[in-house]
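# Close look at the chain arrangement
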Amino acid sequence: MNTETLSSLKSKLPPGYEKRIAREIGCSVGTVHNLLNGKHASRSAYKEKVIQAALRLAEENRQVWQQTEKAVSMLGVKL
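Fair warning: this is a prediction, and the values are worked out from it, not measured in the lab.

Here the focus is the environment of H33. Structurally, H33 can be placed in helix α3 (residues 29-36). We classify H33 as partly exposed; its relative accessible area is 32%. Separated by 16 residues in sequence, H33 and Y17 have C-alpha atoms that sit 9.7 Å apart. Other than its neighbours up to four places away in sequence, H33 contacts E18 and K39.

The next thing to look at is the packing of helix α2 (residues 17-25) against helix α4 (residues 47-75). For the pair α2 and α4, interaxial distance at closest approach is 10 Å and the crossing angle is 125°. Taken together, the axes of α2 and α4 lie oblique to each other. Crossing handedness for the pair α2 and α4: right-handed. Residues Y17, R20, I21, E24 and I25 of α2 touch α4, and the partners they reach there are K49, V50, A53, A54, R56, L57 and E60. Across the contact of α2 with α4, the residue classes tally to seven nonpolar, no polar and five charged.

What follows deals with the side chain of E18. Examined against the element boundaries, E18 turns out to sit in helix α2. Despite its burial, E18 pairs with no opposite charge; the closest candidate is K10, at 6.5 Å N-O. Beyond its immediate chain neighbours, meaning those up to four positions away, E18 contacts V29, V32 and H33.

About the cut-offs
- Residues numbered from 1 in each chain as written.
- Predicted model: local features only at pLDDT ≥ 70, side-chain atom pairs only at ≥ 80, totals over all residues.
- Heavy atoms only, no water.
- Helix = DSSP H or I, 4+ residues; strand = E, 2+ residues; numbered from the N terminus.
- Buried < 20%, exposed > 50% of the residue type's maximum accessible area, 1.4 Å probe, protein only.
- Contact = heavy atoms within 4.5 Å.
- Axes fitted to C-alpha atoms, helices over the stretch in contact; angles between N-to-C directions.
- Parallel < 35°, antiparallel > 145°, perpendicular 65-115°, else oblique.
- Left-handed = near helix turned anticlockwise from the far one by under 90°.
- Nonpolar A, V, L, I, M, F, W, Y, C, P; charged D, E, K, R; others polar.
- Lys, Arg positive; Asp, Glu negative; His and termini not counted.
- Salt bridge = Lys/Arg side-chain N within 4 Å of Asp/Glu carboxyl O.

Structure follows, in structure tokens:
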């Protein structure tokens, strides 16, 4: 993944994503940070796991926002 793609992915992640991913796959927060910022990506054995976890979290976050927007619109509240 290039830096632009990683930046786009990170913008779709929920707060605290680095800690959540690190805990889930068993690496340090620094490793997650470096991989999602395009640093040392080719040398890490965690690269694929971090990317997959980030993609899953981004999708979960998208679904939460959709559900929230639906619930808010049903209440007649405008954001």
